[in-house]
Structures are given as C-alpha cells and as structure tokens.
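Examining the three-dimensional arrangement
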Amino acid sequence: MTAPQIPMALLAELTHRCPLKCPYCSNPVELIRRSEELTTEVWIDVFRQAAAMGALHVHLSGGEPASRRDLEDLTEGARDAGLYTNLITSGVGLSEARIKDLAARGLDHVQLSIQGVDPETADRIGGYEGGFSTKMKVAGWVVAEGLPLTVNAVMHRQNLDRLAETIEMAVELGARRLEVANTQYHGWAYRNRFALMPTEEQVRRGGQIVAEARERLAGTMVIDYVTPDHLAKFPKPCMGGWGRIGLCVTPRGTVLPCHAAETITGLDFETVHDRPLAEIWSNGPAFTAYRGTNWMPEPCASCDRKTKDWGGCRCQAFAWNGDAGTTDPVCSKSSGHAKVRAAAMAEAAEGVDAFDYRSF
C-alpha cells in the first residue's frame, strides 16, 4: 500500500453539548457527555500533532464549541500550533467580548449556522427560543471585528422554499461565503427524514435559485451548493475520499475518517490515547479500510468517476446495504439507486412537520 497523503484539515468536535436541539444535527444519536470530554491540554496536544503531520487548518466544532469555557485557550493553542482556525458555531454562548478575545487569541474565521430567515421559523427548527436574535447579533460582532464570516444554512423541506431569502440574508449579514448545506441523512436527520426530506421540485428550484444568485453575486459572496444525496445522479466525494484529506476527533478522543463513521459497526476505531495521531492516520484499520480504490467492488472499480467521488459515502452504503464496502446506493449506477430515490420521494410526500429534537 502506498503511503497516504497528509491530511489537510482536522475537524475537532470539542463537545456534544449544545443549547440548540436541531433535528438534523450531525452528531451521533448517542451523545458524549461533558465528563468524557478531552481536557484542554490533550486537545492542544492533538492540534500540535495535526500540525506536525502537515494539516493546515482546524475546524473547532461541536455540539456548540462555545459551551466550553476553555474555547479561547483552545483557539490560542491551535494558533500557536500553526493551524488556521475556523469556529463552527450556532452563536449561542458567544458575546461581543468573547468574539473580541477569540480574535485576539488567533481565531481566523467564523462559520455561523442559521435555521431560518425569521425568529419564528428559526427558533422552532432549532428548538431554542431567542436563537435567531442571538445569531444576528453574533454575525454583526464577527464582521465588526474584521473576521471572515461564512453563513451555514442547513436546508430541508421546511425551509427550502425560502432559499432566495436565505441568500439575501447572508448578503445583508456581510458573509463572504454561504454554504447552502442540504441536510445529510445520518443520525438525528435520519430519525427526522419524514419531516426534512425535500421534494424533487424544491431541489430543482433550489438549484436554479443558486445558479442565478451565483451569477448576480459574483465578487460579493461565494455560494456552495450540493444537491441532496438522495436526489442526485452521482454521490459526492464524502470527506474528499475516505481517509484521504481530512480526519475527525470526537469529544472523547476517538479518531475517525468522517464524523459519522462510528455508525459503521465492525470497524476498529482508535483514540488519541492509544497512539500518535500520525500513526492512526497512516495505518489505523478504520482509515485503511476504504482508503483509495483497491477496496472498490463493481461498478465502482471500473468506473471513470472512481477518483472523482471516491466511492461516495461509506456510511450511506452501510445504512442501506448493511455493508460499507458496497456501492453508495445514491449513485445512479448502483442496483439500489431506484429504491433509495423512491424512499426519498415517499418521505417527502408524507409532509410531516413535527420534529424529534436532538437531546441527551
């Protein structure tokens, strides 16, 4: 086996604590409690190890990273390690003073999530009263401090019809980038798929709105948009390829090829307590399992897209096929594609509005 390339980025899930209860949360259904979280010192050592491997930036994520009182120390530790620091936040738990302190300690960028374009919608989806108002204030503080702002808008059936308004809000907030993040159906989102799955017409219209906005806002704001997996023709290159350019460390220190990888039973996941990060990245069994192309079955093995989408999502293949080593069923070349698409259409047609909110 050839040596893997160096990882570009580290996703540091500092905590699973979060005041919001988003029904599409990417955290696992079994959340990690505060008592199990890595200490400040261990996290900073992880940052140093990642930088020594050649990683360029760290995403400080959660849960809500502002729930950790040592967020400023962690940011400074990451900066001192030589990493570009991106804070992925709901905004709740931040204040103007904390934003200023984080910027002074070396924070480079903020990615702020929004759930809707008005208080009623946003607070209902996020399960937190007053969240929308807080986010608007935080965006203002971030921009005033001179930090680049990305708005992350998680879209689904219950807010996708207001995509045009979402784009305009991001512009008004002073965002340099907008991520139109169509919901990924793992964990909490899978539980809520009947309430979240968009219709085919919503997705079609969403693509048109984004295309028009990209042309109109060129030079003002970058817009990232990916078609929802279940309604796409080909899978996206999940994490840029399994164990290829990024890795994730959970609140308790488990090292993963992607944040949802623990949904795949049978893989052996190691922690930062077991051995150095570089060794886990290089030859850890979970990382080598689906790295590269040698593991691929047909039709992936002979497909001209195999080094474009890298086989798609292993977690999705496991969820639908019971085997993570099979073709991602969202791919139109998969024998399971029609089943996945039909299920998505049926879920969207249910029209359920109630959420099963994220909770410990």
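Presented here is a report on the structure given in the accompanying data block.

Looking now at the side chain of Thr 150. Within the secondary structure layout, Thr 150 lies in strand 5 (residues 149–155). In terms of polar contacts, Thr 150 uses its side chain to reach the side chain of His 109, at 2.9 Å. With residues near it in sequence (within four places) discarded, Thr 150 still touches His 109, Val 110, Gln 111, Leu 112, Arg 177 and Glu 179.

Let us now look at helix 12 (residues 314–321). The complete set of buried residues in helix 12 reads Arg 314, Cys 315, Gln 316, Ala 317 and Phe 318. Looking one or two residues beyond helix 12, the residue adopting positive phi is Gly 322, at roughly 75 degrees.

We now examine the sheet that holds strand 7 (residues 222–225). Taken together, the 9 strands give an open sheet; going across it, the order is 7-6-5-4-3-2-1-8-9, and neighbouring strands pair in mixed fashion. If you trace the sheet from one side to the other, it starts and ends with strand 7 and strand 9 (255–256), each paired once. Here strand 8 (residues 246–249) runs beside strand 9; their pairing, made up of 2 bridges, is antiparallel. Counted as the bridge partner of Cys 248 is Leu 256 from strand 9. Of the strands in this sheet, strand 6 (177–182) and strand 7 touch helix 9 (residues 200–216), which is tilted by about 160 degrees from strand 7.

The next subject is the pairing of strand 5. Counting buried residues along strand 5, 7 of its 7 residues qualify, which places the element largely inside the surrounding structure. The side-chain alternation of strand 5 yields two buried faces, one formed by Leu 149, Val 151, Ala 153 and Met 155 and the other by Thr 150, Asn 152 and Val 154. Pairing geometry for strand 4 (residues 109–114) and strand 5, over 5 bridges, is parallel. Paired with Leu 112 across the bridge in strand 5 is Val 151.

Tallying each qualifying case throughout the model produces 5 aromatic pairs. Where Trp 242 meets Tyr 290, the ring centres are 5.5 Å apart and the plane angle is 85 degrees; that geometry is what we call edge-to-face. Linking Trp 242 in the loop between strand 7 and strand 8 with Tyr 290 in the loop between helix 11 (285–288) and helix 12, this pair joins segments that are 48 residues apart in sequence. Of the two residues examined, Trp 242 and Tyr 290, each falls in the buried class. Taken together, the aromatic side chains of Trp 242, Tyr 290 and Trp 295 make up a single cluster linked through ring pairs. Residue placement shows Arg 193 over the ring face of Tyr 190; its charged tip is 4.0 Å from the ring centre. Here the basic side chain of Arg 291 rests over the ring of Trp 281, its NZ or CZ set 4.9 Å away from the ring centre.

On inspection of all chains with the given rule, the structure shows 0 disulfides. Considering cysteine sulfurs only, Cys 18 is the nearest to Cys 22, which forms no disulfide, with 6.4 Å between them. The exposure class assigned to Cys 22 is buried, which follows from its relative accessible area of 9%. The thiol of Cys 238 is unpaired, and the distance to the nearest cysteine sulfur, on Cys 313, comes to 4.4 Å. Given a relative accessible area of 18%, Cys 238 falls into the buried group.

Conventions we followed
Residues numbered from 1 in each chain as written. Predicted model: local features only at pLDDT ≥ 70, side-chain atom pairs only at ≥ 80, totals over all residues. Heavy atoms only, no water. Helix = DSSP H or I, 4+ residues; strand = E, 2+ residues; numbered from the N terminus. Polar contact = N/O pair within 3.5 Å; in protein donor to acceptor, adjacent residues only side chain to side chain. Contact = heavy atoms within 4.5 Å. Buried < 20%, exposed > 50% of the residue type's maximum accessible area, 1.4 Å probe, protein only. Pairing = 2+ DSSP bridges. Axes fitted to C-alpha atoms, helices over the stretch in contact; angles between N-to-C directions. Phe/Tyr/Trp six-rings, centres within 6.5 Å; stacked < 30°, edge-to-face > 60°. Lys NZ or Arg CZ within 6 Å of the ring centre and 35° of its normal. Disulfide = S-S within 2.5 Å.

Keep in mind that these numbers describe shape and distance, not what the molecule does.
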